[in-house]
Amino acid sequence: MKIVVCVKQVPDSAAAIVVEDGKVNWGDAPIVINPWDEYAVEAALQLTEKYGGDVVALSMGGDKAKEALKHALAMGCSEAILINDPELAEMDASGAAKVLAAGIQKVGDVEMAIFGKQAIDNDTGVTPAMTARVLGWPMISLISAVENIADGSIKAKRFMEEGNQIFESKLPAVASIVKDYSDPRYPSFMGIRKASRAEIPNLTAGDLGISKPENKVKWFGVDNPPVRDITNEKIEGETPEEIAANLVSKIMEEKVL
Amino acid sequence: MAKILVFIDQYKGEAGMASWEALLAGKMLADKLGGGLSAVIVGSGVEALANTAFHYGAEEVFLADDVSLADYRAEAYALGLAKATEAADPEVVLFPTTTRGRELAAMLAIDTDSGVLVDATEMDVEDGAVVATRPIYAGKVIAKVKCEAKPQIITLRARAFGKPEADESLSGNITKLDGLMAEADIATKVLDTEMVEGGVSLTDANVIVSGGRGVSNNAGLEVPGDITDEKEIEIWKATQGFGLIQELADVLDAAVGASRAAVDANYISYAHQVGQTGKTVAPDLYIACGISGAIQHMAGMRSSKVLVAINKDGDAPVFKEARYGVVGDLFDVLPAITAEFKKQLGK
């Protein structure tokens, strides 16, 4: 079974991000693999360990995106591919989905394309479902456990707001993975060494046989969120009861209950 | 002609407040753009819900009602939605940012060769098009975006567009859609559904009481003698701490939240996590107990109206963002606060 896992590089979630001169700036915070994508890589590896096959990590972006791919390789993916073409820069989610779909088709004979739930930079969370739609494959989102894969079909559990849905779906399919699936493994020493030596091929739009998809979403710019106008007030008292009485009276005055 | 189409996210015939909020936001847009307000409902046996949509302001409901839509399957729902979009020919399609709403908006964008503006918190109209404000980097940055194709597809953050009110005197027309997917053509079969226990949803909650790593930090707590393992003792203490949080939440009809540190330490399930890799919330009142205030947590709750912080450590960063701060042990203070709320709220 061949699985493609799509990964993205993002600034670390602990980064203090500010907008300066109309651009998002994360200072010297490290660029890491999107935390959600680590679950996707882990799921892909576990599935091929159980059912056989290979995991190909796929990313799109400039040279920085190689870091995310190297992390995926160090975790155990057998191959990494970077779609790296200046012509494909600054794409919206629908454009990214069209390019990733072309990348997945280029890999060929893929039974599952697995994504993280969303990327923590743009927070759209729509690329997996868009990619599924472009490919014409079923979208099986927010998977927390896979029970079985056999005869071109997957039986798994997926998250919904109201509970979990146990379902069976035909493959190939696009899946997204949630945190409950399993903690992602740490890259092994051998894995890190292998990843650092790996040559990651760059694919261009031409290699994929596509031209740049037209952006549908126009950005007018980014800004810092409005400063919260807060007056800090410490609530004190001699006893917990006194503190509670003072605090509750203040909250009641806010008329939020 | 219908100008605004709103997707009503129903499950087993019930829709959450976020869908009615989307109708309210749709009404605002329809007034500005000078068009009508329609809703689309996809499901099985969901005609009764159309009346509720009318009460919340829809003038017309497109109904994709078929037994094949009893369980949520993305492809089958996406086709119902595409049929409604074709029939309504709207300028704008709005969704609540629920998991289904987000997914179907994405699929509709590909089906209609358009794009999607995700999780908008504000909408303005400029030159007949919607300019949406949406938080990125979990709210550390805000972006202004516009969808330059038709329909403009936008998902709306819960609690960001006002409180809808039903008017039971309102009614409207129902248009039933056909050409839906036959069961045999749907690649996914639902075998079973495990419902989670009730409780207040974090994203819809008016009040959230949250716990962090500090909920296990009580040296004075007497641990039962049969628990000796260090990690088990920690978890046992955390369970007591979250028990106190739950009691306060019950009195306030609040949802229970948690920091990533508490979830990573296995104090509580991931479903409760608030922050950049959890849920983004915007309650009127957020009570943070034993939460230090890491950037990634604060990013997920910075839209809360009133933030109360309770922490032993008076230097914890959470106090800088808090309207009211209590420096103290949550094990002492929380029961007293719960008792005081009961008294003042007459519960």
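Going by the structure above, here's the rest.
Residues numbered from 1 in each chain as written. Chains lettered and ligands numbered in written order. Predicted model: local features only at pLDDT ≥ 70, side-chain atom pairs only at ≥ 80, totals over all residues. Heavy atoms only, no water.

(A) The pairing of strand E11 (residues 163–170) of chain A, seen in detail. Burial of E11(A) is extensive: six of the eight residues sit out of reach of the surface. Pairing analysis gives eight bridges linking strand E10 (residues 153–160) of chain A to E11(A), with the strands arranged antiparallel. Looking at E11(A), one finds that A:Phe159 is bridged to A:Asn164. Following E10(A), the chain reverses through two residues before pairing antiparallel with E11(A). Across seven bridges, the pairing between E11(A) and strand E13 (residues 188–195) of chain B is antiparallel. If you follow A:Ile166 over to E13(B), its bridge partner there is B:Asp192. (Buried < 20%, exposed > 50% of the residue type's maximum accessible area, 1.4 Å probe, protein only. Helix = DSSP H or I, 4+ residues; strand = E, 2+ residues; numbered from the N terminus. Pairing = 2+ DSSP bridges.)

(B) A look at the pattern of salt bridges. For the structure shown, the criterion picks out 31 salt bridges over all chains. Between A:Glu233 and A:Lys250 there is a salt bridge whose closest N-O contact spans 2.9 Å. Within this pair, whereas A:Glu233 is found in strand E15 (residues 233–234), its partner A:Lys250 is found in helix H7 (residues 240–253), the two being separated by 17 residues in sequence. The class for A:Lys250 is partly exposed, based on a relative accessible area of 27%. The partner of B:Arg213 in a salt bridge is B:Glu234, with the nearest N and O atoms 3.0 Å apart. Taken as a pair, B:Arg213 in the loop between strand E14 (207–211) and helix H5 (230–252) and B:Glu234 in helix H5 lie far apart in primary sequence, 21 residues in all. Take B:Arg213: its relative accessible area is 44%, and that puts it in the partly exposed class. A single network of salt bridges, built from pairs that share partners, joins A:Lys98, A:Glu214, A:Lys216 and B:Asp113. (Salt bridge = Lys/Arg side-chain N within 4 Å of Asp/Glu carboxyl O.)

(C) Structural context of empty space enclosed by the protein. Within the structure shown, the criterion is met by one cavity of 30 Å³ or more. Every residue lining the largest cavity is listed: A:Met139, A:Ile140, A:Arg158, A:Gln165, A:Phe167, B:Tyr72, B:Arg73, B:Ala74, B:Glu75, B:Glu103 and B:Thr188. At the level of elements, strand E9 (139–150) and E11 of chain A together with helix H3 (74–88) of chain B are the ones that each hand at least two residues to the lining of the largest cavity. Residue composition of the lining of the largest cavity, by class: five nonpolar, two polar and four charged. (1 Å grid on protein atoms, 1.4 Å probe; cavity = no way out; pocket = protein on both sides within 12 Å on 5 of 7 lines; lining within 4 Å. Points joined across faces, edges and corners; volume = space filled by probe spheres on them. Nonpolar A, V, L, I, M, F, W, Y, C, P; charged D, E, K, R; others polar.)

(D) Representation of the sheet that holds strand E10 (residues 141–147) of chain B in the model. Across the sheet, which stays open at both edges, the four strands sit in the order E14(A)-E10(B)-E9(B)-E8(B) with antiparallel pairing between neighbours. Of all strands in the sheet, those with a lone pairing partner are strand E14 (217–223) of chain A together with strand E8 (122–126) of chain B, marking the two edges. The average undirected angle you get between the axes of adjacent strands in this sheet is 25°. With five bridges joining them, E8(B) and strand E9 (residues 129–136) of chain B adopt antiparallel strand pairing. Its bridge partner being in E9(B), B:Glu126 is matched across the sheet by B:Ala129. (Axes fitted to C-alpha atoms, helices over the stretch in contact; angles between N-to-C directions.)

(E) View of the interface of chain B and chain A. Contacts between the two partners involve 87 residues from chain B, matched on the other side by 80 residues from chain A. Roughly 7400 Å² is buried in total at the junction of chain B and chain A, and carbon and sulfur atoms are behind 60% of that figure. If you sort the residues of chain B by the area they bury against chain A, B:Ile110, B:Tyr137 and B:Tyr324 come out on top, with a joint share of 9%. Remark: the boundary between chain B and chain A carries eight salt bridges. (Contact = heavy atoms within 4.5 Å. Buried area = accessible area lost by both parts, 1.4 Å probe.)

(F) Layout of helix H2 (residues 65–75) of chain A. Residue and element names in this part refer to chain A. Listing the buried residues of H2 in full gives Ala-65, Ala-68, Leu-69, Ala-72, Leu-73, Ala-74 and Met-75. Against strand E2 (9–11), strand E5 (31–33), helix H1 (35–51), strand E6 (54–60), strand E7 (79–83) and helix H5 (189–197) lie the buried residues of H2. Among the residues trailing H2, Gly-76 stands out with phi positive, at a value near 135°.

Shape descriptors only; they carry no functional weight alone.
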